[in-house]
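Coordinates in review
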Amino acid sequence: MFGYIVLNQPEIKFKDYDIYKSFYCGLCRELKEKYGLAGQLSLTYDMTFVILLLSGLYEPPTRRGTTRCAVHPVRRQTVRKNEITEYAADMNLLLTYYKCMDDWKDEKKVVRLGYAKLLEGKNKETEAAYRKKAEAIVTHLNSLSALEKAGETDLDKMAGTFGKIMEEILAYREDSWEPALRRMGFYLGKFIYLLDAYEDVEKDIESGNYNPFSEDYIMEGFEDQVRQILILMLAETCREFEKLPIIKYADILRNILYSGVWCRFETVSKKRREEQEKKNVRSI
């Protein structure tokens, strides 16, 4: 359910892309150093966004260096890391572990259970360090699972439950910025949940898995309906973002929020239109 909060790379300046990539590489290195290769495999673009957002707001001292890795063995890559990189790596691990266990409980995915077992030892340490957040995330994931099993059709309730998880991730400190960050996380989480459901609806219907759009998918105007809902979620997200006094990395963050997050929707929508056109041609 992650990987949607990305850049629109063709629309970003080279220097901004380099900064973004250096924070992404920094998160990758942090995951490997703290949690090994298993942790590194959980790397997501979403957490890179979290790092840029919180770094832009709190402006912690940031270390810059270079490194080589298996993906880029020849050319050294620029890396940026700070205290928020460490926090994002910890949140990334918690979310990955709990999601794997949730997939095992709900769908008996053996591969997900195996991955969770690889993360289990390190996850216990992270849980202890973030007890309050860990308990909140587990509570909301359990609520989401229960609603799915009950066949809940209320989109707002389903998306809102996941939104509460993203609230916890963005609420880095208990300070004057916490309310805006929580509201931003809530609506961004709703956007992620709904976009994930939109992308998976055909696959879920075919496999018999829960999807909140299952009943609406065949209705005329489904694409426009989803687009309008997603626009509303992002409008609320961006409204809270613009309240924050962020100057550093602001151009990168705006590229993501106003453009990048739509990349997956447009890709899926285009693919569906093309497949429908092919079906129409074959039926003639």
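Just so you know, these numbers come straight off a predicted model, no measurement behind them. (Residues numbered from 1 in each chain as written. Predicted model: local features only at pLDDT ≥ 70, side-chain atom pairs only at ≥ 80, totals over all residues. Heavy atoms only, no water.)

**Digging into the overall build of the protein**
The condition is simple: Helical segments are the DSSP runs of H or I of at least four residues, strand segments are the runs of E of at least two, and each set is numbered from the N terminus. Radius of gyration here uses only the C-alpha atoms, and the compact-globule reference equals 2.2 Å multiplied by the residue count raised to the power 0.38. Burial classification: accessible surface area is computed with a 1.4 Å probe over protein chains only, and a residue below 20% of its type maximum counts as buried, one above 50% as exposed, and the rest as partly exposed. Here, Shrake-Rupley sampling with a 1.4 Å probe gives the accessible areas, and only protein chains in the shown set may cover a residue. This count recognises Lys and Arg as positive and Asp and Glu as negative, with His and chain-terminal groups excluded. Lys charges are placed at NZ, Arg charges at CZ, Asp charges at CG and Glu charges at CD.
Looking only at helices and strands, the protein has 10 helices and 2 strands in total. The helix and strand sequence of the protein, counted from the amino end, reads α-α-β-β-α-α-α-α-α-α-α-α. Rg of the C-alpha trace for the protein: 19 Å, near the compact-globule value of 19 Å for 284 residues, within the 12% margin. For the C-alpha atoms alone, the extent of the protein along its principal axes is close to 60 × 45 × 40 Å. Here the protein holds 284 residues, and 51% of them are scored as buried. Working note: accessible area of the protein is about 14,500 Å², and carbon and sulfur atoms make up 52% of it. Of the side-chain charges in the protein, 45 are positive and 46 negative, and the distance between the mean point of each set is 7 Å.

**Observations concerning the packing of aromatic side chains**
Inclusion rule: Ring geometry is summarised as follows: Phe, Tyr and Trp rings, the Trp one being its six-membered ring, pair when their centres sit within 6.5 Å, and such pairs are stacked at plane angles under 30 degrees, edge-to-face over 60 and tilted between the two.
Summed over the entire model, instances satisfying the criterion amount to 14 aromatic pairs. When the centroid spacing of 5.9 Å and the interplanar angle of 65° are considered together, the rings of Tyr87 and Tyr130 count as edge-to-face. With Tyr87 in helix H3 (residues 83–107) and Tyr130 in the loop between helix H4 (110–129) and helix H5 (131–149), this pair connects stretches of sequence that are 43 residues apart. Look at Phe186 and Tyr187: their rings are 5.2 Å apart centre to centre, the planes differ by 75°, and that puts the pair in the edge-to-face class. Exposure remark for Tyr187: the relative accessible area of 21% places this residue in the partly exposed category. These aromatic residues form a ring-pair network of at least three members: Phe191, Tyr198, Phe213, Tyr217, Phe222, Trp262 and Phe265.

**Quick word on the pattern of salt bridges**
Defined as follows: A pair is scored as a salt bridge if a Lys or Arg side-chain nitrogen falls within 4 Å of a carboxyl oxygen belonging to Asp or Glu.
Across all of its chains, the model carries 22 salt bridges by this definition. The salt bridge involving Arg272 is made with Glu202; its shortest N-O contact spans 3.1 Å. You can see Arg272 sitting in helix H10 (residues 263–283) and its partner Glu202 sitting in helix H7 (residues 178–207), a full 70 residues away along the chain. A network of salt bridges, in which partner residues are shared, links Lys133, Glu167, Glu168, Glu178 and Arg182.

**As for H7**
Rules: By this rule, a helix spans an expected 1.5 Å times one less than how many residues it contains. Two axes define the bend at a residue: one fitted to the seven residues ending there, one fitted to the seven starting there, and the bend is the angle between them.
Look at H7: 40 Å from first C-alpha to last across 30 residues, which is about the 44 Å you get at 1.5 Å a residue. Its axis deflected by about 60° at Asp200, H7 carries its strongest bend there.

**Some thoughts on the nonpolar core**
This is how the line gets drawn: Residues belong to a common nonpolar core when they are buried Ala, Val, Leu, Ile, Met, Phe, Trp, Tyr or Cys residues joined through side-chain atoms within 4.5 Å. Contacts between residues were defined by any pair of non-hydrogen atoms, one from each residue, lying within 4.5 Å.
Ranked by size, the top nonpolar core spans 84 residues in total, and within it Phe49, Leu53, Phe213 and Ile252 carry the most contacts. The residues contacting Leu53, other than those within four sequence positions of it, are Leu170, Leu181, Met184, Phe241, Leu244, Ile246 and Leu253.

**What about the side chain of Ser42?**
Rule in force here: Nitrogen and oxygen atoms within 3.5 Å of one another constitute a polar contact, given that in protein one can donate a hydrogen and the other can accept it, and given that sequence-neighbouring residues count only through two side-chain atoms.
Structurally, Ser42 can be placed in the loop between helix H1 (14–40) and helix H2 (45–58). At 2.7 Å, the side chain of Ser42 forms a polar contact with the side chain of Asn92. If we skip the residues at most four places from it in the chain, Ser42 touches Leu31, Asn92, Thr96 and Tyr115.

**Topic: the packing of H2 against H7**
The criterion, for reference: For helices, the fitted line uses only the C-alpha atoms of the stretch in contact; every axis is such a line through C-alpha atoms, and the angle between N-to-C directions lies from 0 to 180 degrees. Orientation is classified from the angle alone, with under 35 degrees giving roughly parallel, over 145 giving roughly antiparallel, 65 to 115 giving roughly perpendicular, and any other angle giving oblique. Should the near helix be turned anticlockwise from the far one by less than a right angle, the crossing is termed left-handed; should it be turned clockwise, right-handed.
Interaxial distance between H2 and H7 falls to 14 Å at its minimum, and their mutual angle equals 160°. One element, H2, and the other, H7, form an angle in the roughly antiparallel class. With respect to the hand of their crossing, H2 and H7 are arranged in right-handed fashion. Mapping the contact onto sequence places Asp46, Phe49, Leu53, Leu54, Leu57 and Tyr58 in H2 and Leu181, Met184, Leu188 and Ile192 in H7.

**Quick notes on the packing of H1 against H2**
The line we're drawing: Amino acid classes used here: Ala, Val, Leu, Ile, Met, Phe, Trp, Tyr, Cys and Pro are nonpolar; Asp, Glu, Lys and Arg are charged; the rest, including Gly, are polar.
In contact at an axis separation of 9 Å, H1 and H2 are set at 115° when each is read in the N-to-C sense. In this view, H1 runs roughly perpendicular relative to H2, as classed from their interaxial angle. Between H1 and H2 lies a crossing of right-handed hand. Where H1 abuts H2, its residues Tyr20, Phe23, Tyr24 and Leu27 lie against Tyr45, Met47, Thr48, Ile51, Leu52 and Ser55. Looking at the contact of H1 with H2, its residues break down into 8 nonpolar, 2 polar and no charged.

**Digging into H1**
For H1, spanning 27 residues, the distance from its first C-alpha to its last is only 26 Å, which falls clearly below the expected 39 Å at 1.5 Å a residue. Its maximal kink placed at Lys34, H1 deviates by approximately 115°.

**Thoughts on the side chain of Thr96**
Following the sequence through the fold, Thr96 ends up in helix H3. Once residues within four sequence positions are removed from consideration, Thr96 is found in contact with Ser42, Tyr115 and Leu119.

**Observations concerning unusual backbone geometry**
Positioned with a positive phi, Glu59 is a non-glycine residue whose angle comes to about 50°. Within the element layout of this structure, Glu59 appears in the loop between H2 and strand S1 (63–67). Phi is positive for Tyr249, close to 70°, though the residue is something other than glycine. In this fold, Tyr249 is placed in the loop between helix H8 (222–241) and helix H9 (250–258).

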